[in-house]
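Survey of secondary and tertiary structure
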Amino acid sequence: MAADTKTNTKNSVAEIFKSMDYGPAPEADNVAKAWLNDHDNGEFGLFIDGKWVKPDGRKTYQTKNPATGEPLATTIQGEQEDVDLAVSSAKKAYETWSKTPNHVRARHLYSIARHIQKHMRLFSVVEAMDNGKTFRETRDADIPIVVRHFYHHAGWAQLMDTEMRGWKSVGVIGGIVPWNFPLMLLTWKIAPALAMGNTVVLKPATYTRLSALLLAEVCAEAGLPPGVFNVVTGNGAMGSKLADHPDVDKVAFTGSTGVGQTLRRLTAGSGKKLSLELGGKSPVVVFETADLDSTVEGVVDAIWFNQGQVCSAGSRLLVQEGIHDKLVDKLKERLTHFRVGDSLDKTVDMGAIVDESQRKSIEEYVESARQEGAEIFQISAIPKKGCFYPPTIITNVQTVSRVVVEEIFGPVLVVLKFRTAKEAIALSNNTIYGLGGSVWTENIPLALEAALSIKAGTVWINCHNLFDSAAGFGGYKQSGYGRDGGKEGLFEYVRPSWEKRPRPEPVQLDLKAFGQIVQARPTIGNNQKNEISADGKLPGIDRTFKMYYGGKQARPDAPYARPVVSPNGTVIAHVGEGNRKDVRNAVEAAHAASAGWGKRAAHNRAQIVYYMAENLELRRDEVANRIHQMTGRSMDDCKTEVDLSVQRLFHWGAYCDKYGGTVQETTLYGCTVKVHEPMGVIGIACPDEYPLLGFVSLFAPAVIRGNAIVIVPSEKYPLSALDLYQVFDTSDLPGGVVNILTGDRNHLSKYLSEHQDIQSMWYFGTAEGSKFVEYMSAENVKRTWVNYGLARDWTDPEQGQGEEFLYQSIQCKNIWIPMGDIFAN
């Protein structure tokens, strides 16, 4: 016996550690199966008005466990009638829910959070079985974040009267969510929506419907009033049916960029609000000063979390040349210890791909890289049965390679080298997307500068894929607009208190014909005469105003001009008739000025805006007289407009250094810093009402927040804006920050909307023009702000200088900075 013990001891130290393998540690699925059995052995209906609804004659869809192929449940393929019923229920519930006291709504959200906690294991198992992700992820990440969101937004419901003063609920929200985080992402929509007094109709993804149905049931158990939260299941077309419903007031979507573009076109001109959280191709930037061992674990979280089926997945690894080979070797070694297997096995690192069609798509991407000569590294130890794909590393690729440019949405990491920090930033931003990214270095000044330079909504420092309800998440560029989480996320579910829901009449829009013009021709008439000289004896000198871009006056590209006519028919002056080449020139000038203007100290921008106010007031009588000539209004009224314009410049000058962001109260041990960054270049089309005040009210908030603009003044009364040339020139405004193009509003708006390098378009004109701007914005997913042909009172501070102007002028970036040298060790 002693000899045996001696022999075993000899073999059990070195040998066992070399060959040791984890045994399976499966999580029991009994609670999930019991829940399915409670529903006619997994035959679910729709959840509408607080109860289950099973309409006759509907097709069904069978949900399967991606890890095993085992059928889980049968759900209904809803039709238009079902959408109508759900929206009608939500609309009826909204009448009461929107008037419910804030404290009562807060209690309801708190109750939902508590009830989810009571069923956390059920939610975790159902989510893992339905989606294929690991139980460890659903238990430790997804469900805790869901609970956190409901608790957090219970607080916002309580504080709405003070923290969201001047805003009100929107109405019925149509939520459309994807399959990669079925429960978490729907919570990101419904928690703020309910907190702000809206009701919701949710359409979950085709592949993953079960956790949404479970949540609806739990919400009812928690006492949420009937109709406040409804779930309709169906195919992809059901999402369009929901978005297109006339009684849906806002669409909240997370999913692919292609579907987001479709929804933008579908809702264009309808008056509905829209938020889009779309695709990504997020960079993971690793500098030579990084801690490589922790970086390896960070890369694992960045790309192989949830099988890489994460919109912010760190799918592009950018490594400084000196450490490239060493880091890649460490990653390959790490993958040799990676475990891929059943989602309920608590010892696995990665689960199954959600569906065979998605697995094939991933495989096609990798094969395309192989065909291009890239080097492919994959582990071989994956289950033979089930929808699995091995963690993959692709090296030796070009920046234009398909796997570098396009979103793969799978466990595939693409690696590129860089030499300098500037090259790393250029590579990071060389994408149509801008959802997330991370920076890895022990040099904090370098980390912060890189984080600010990466054009993305969220940048993590020495970490990746951290989320919290107190910090908004959303994208730049073709990753969409709007935010989920944080106070910034609340603005997606409110509108200004003074504003009614715009319901424009349906507009028949001819995209090709929109904005077409025929230039002005000579006119002769008794009442159309040019001004005469001051002594009344000589004809006046012809006055043709030029365009203004790049800090100087410029003639229009085409030698056409349009007359500006007074109410009595007198031609006061001529202005240039702008065209697409003028738009091109002005946008180039704006981009040349944009970067420098955005980086200027806010105090410096404020001084320039105050200087504008000073110089405008010096010319008060002259400018008022110009407004009088164009509009025929009384001189007193015109002087009042100038005075209000001066006040408005002071108002926005005051905000130059008072809307920069905040420190978010997240659960991170460290700092999560929200930065209000400029949109970039904004196109603006001004209304005809109040030609000076409307112009100032729109250009000033955009400029004070660091944007450069291309602005079209009032089509009928453009001279007041053109009179500001000298104000700009004498106020130290850098050339190219404000660029003015005159001409037909719709003609110029057409080219501004279609321009690929304009980040946002504001349009205050006709209902037809509003629809065109929203429709064409889908091309590069630019943000829009339109008036649907409805006038506003520019003299009213609420309507002319409300917080919505600031909201439209900025995009939120959250930078996550963890700590850990002292108390975390």
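Residues numbered from 1 in each chain as written. Predicted model: local features only at pLDDT ≥ 70, side-chain atom pairs only at ≥ 80, totals over all residues. Heavy atoms only, no water.

Going by an unreviewed UniProt entry, the protein carries the name aldh and comes from Mytilus edulis. Checking UniProt for the protein, the heading Sequence similarities (unreviewed entry) contains the comment "Belongs to the aldehyde dehydrogenase family." (UniProt positions renumbered as here; feature names shortened; annotations may be inferred.)

1. Let's talk about the packing of helix α7 (residues 135–163) against helix α8 (residues 182–195)
Where α7 meets α8, the closest approach of the two axes is 8 Å, and the angle between their N-to-C directions is 10 degrees. Regarding the angle of α7 to α8, the classification is roughly parallel. On α8, the residues touching D142, I143, I145, V146, H149, F150, H153, A157 and M160 of α7 are L183, M184, T187, W188, I190, A191, P192 and A195. The residue inventory of the contact of α7 with α8, partitioned by class, reads 13 nonpolar, three polar and one charged. (Axes fitted to C-alpha atoms, helices over the stretch in contact; angles between N-to-C directions. Helix = DSSP H or I, 4+ residues; strand = E, 2+ residues; numbered from the N terminus. Parallel < 35°, antiparallel > 145°, perpendicular 65-115°, else oblique. Contact = heavy atoms within 4.5 Å. Nonpolar A, V, L, I, M, F, W, Y, C, P; charged D, E, K, R; others polar.)

2. Topic: the UniProt feature "active site" (unreviewed entry) in the protein
When the UniProt feature table is mapped onto this chain numbering, "active site" (unreviewed entry) sits at E277. Here E277 lies in strand β10 (residues 273–277). In this structure E277 comes out as buried when scored by relative accessible area, which is 1%. Apart from residues lying up to four places away in sequence, E277 is in contact with L185, K189, F253, T254, G255, C311, L435, F473, G474, S479 and D484. (Buried < 20%, exposed > 50% of the residue type's maximum accessible area, 1.4 Å probe, protein only.)

3. Points about a nonpolar patch on the surface
Where nonpolar side chains cluster on the molecular surface, the patch consists of Y669, M819, I822 and F823 and spans about 510 Å² of accessible area. Among the secondary structure elements, M819 is positioned in the segment after β32 (810–818). For M819, a relative accessible area of 48% translates into the label partly exposed. (Patch = residues over 30% accessible without salt bridge, like charges linked within 9 Å, V, L, I, M, F, W, Y side chains within 5 Å. Areas by Shrake-Rupley, 256 points an atom, 1.4 Å probe, with all protein chains shown as cover. Salt bridge = Lys/Arg side-chain N within 4 Å of Asp/Glu carboxyl O.)

4. A closer look at the environment of A654
Structurally, A654 can be placed in helix α22 (residues 635–654). Residue classification places A654 among the partly exposed positions, given a relative accessible area of 26%. It is 16 Å that separates the C-alpha atoms of A654 and S731, two residues lying 77 residues apart in sequence.

5. Description of the side chain of N780
Turning to its location among the elements, N780 is positioned in the loop between α27 (767–777) and β31 (783–786). Assessed through its relative accessible area of 9%, N780 is described here as buried. Side chain to side chain, N780 and K782 meet in a polar contact 3.1 Å long. If near-sequence neighbours (up to four positions away) are discounted, N780 is found in contact with K477, Q478, H755, Q756 and I758. (Polar contact = N/O pair within 3.5 Å; in protein donor to acceptor, adjacent residues only side chain to side chain.)

6. Topic: the packing of aromatic side chains
Inspection of the entire model under this criterion finds 29 aromatic pairs. Their ring planes at 85 degrees and their centres at 5.0 Å tell us that F47 and W52 sit as a pair that is edge-to-face. When its relative accessible area of 4% is taken as the criterion, F47 is described as buried. For the pair F764 and W794, a centre-to-centre distance of 5.5 Å together with 65 degrees between the ring planes defines the contact as edge-to-face. Placement of the pair is F764 in the loop between β30 (760–763) and α27 and W794 in the loop between β31 and α28 (797–800), with a sequence separation of 30 residues. Accessibility assignment for this pair places F764 and W794 in one class, buried. Counting every residue linked through ring pairs, the aromatic cluster contains W652, Y655, Y659, W762, F764, W785, W794 and F805. The ring of Y493 carries K250 above its face, with NZ or CZ at 4.6 Å from the centroid. For the cation-ring pair, R792 lies above W794, with the distance from its terminal atom to the ring centre recorded as 5.6 Å. (Phe/Tyr/Trp six-rings, centres within 6.5 Å; stacked < 30°, edge-to-face > 60°. Lys NZ or Arg CZ within 6 Å of the ring centre and 35° of its normal.)

7. A short note on helix α12 (residues 292–304)
Note that an α-helix has 3.6 residues per turn; residues three or four places apart therefore point the same way. With 13 residues, α12 ought to run about 18 Å at 1.5 Å a step, and its terminal C-alpha atoms sit 17 Å apart, in line with that. Its side-chain oxygen placed 3.3 Å from the backbone nitrogen of D293, D291 serves as the N-cap of α12. After α12 finishes, the residue N306 shows a positive phi value of roughly 55 degrees. (Expected span 1.5 Å × (residues − 1).)

8. Quick look at the sheet that holds strand β24 (residues 571–576)
Ordered by their spatial adjacency, three strands build an open sheet running β20-β24-β23, and the pairing between neighbours is mixed. Sheet topology places β20 (544–545) and β23 (561–565) at the edges, where each strand pairs with a single neighbour. Bridge count for β20 against β24 is two bridges, and the pairing is parallel. Counterpart to T544 in the pairing with β24 is H574. Strand contacts of helix α21 (residues 620–631): β20, β23 and β24, with the helix running at about 100 degrees to β24, the strand carrying the most contacts. (Pairing = 2+ DSSP bridges.)

9. Focus on the UniProt feature "domain: Aldehyde dehydrogenase" (unreviewed entry) in the protein
Following the UniProt record, one finds the feature "domain: Aldehyde dehydrogenase" (unreviewed entry) at residues 52–495 and 563–789. For residues 52–495, the helix share is 43%, the strand share is 18%, and the end-to-end C-alpha distance is 32 Å. Taken end to end, residues 563–789 is 50% helix and 19% strand, and its two terminal C-alpha atoms sit 24 Å from one another.

10. Thoughts on the nonpolar core
Counting 114 residues, the largest nonpolar core has I116, F229, W304 and L317 as its most contacted members. In terms of residue count, α7 provides more of this core than any other element does, eleven residues in total. In this structure, I116 is in contact with F123, I143, V146, V147, F150, L215 and V218, ignoring residues within four places of it in sequence. Of all hydrophobic cores here, the second largest spans 62 residues; its members include M679, C686, L693 and W794. (Core = buried A, V, L, I, M, F, W, Y, C linked by side-chain atoms within 4.5 Å.)

11. Some thoughts on unusual backbone geometry
For residues besides glycine, phi is generally negative; the peptide bonds are generally trans as well. A positive phi is found at Q307, a non-glycine position, where the angle reads about 60 degrees. Tracing the backbone shows Q307 in the loop between α12 and β12 (316–320). Of the residues examined, Q307 reaches a relative accessible area of 0% and is grouped as buried. Phi is positive for Y690, which is not a glycine, with a value near 50 degrees. Its place among the elements puts Y690 in the loop between β27 (681–685) and α23 (691–704).

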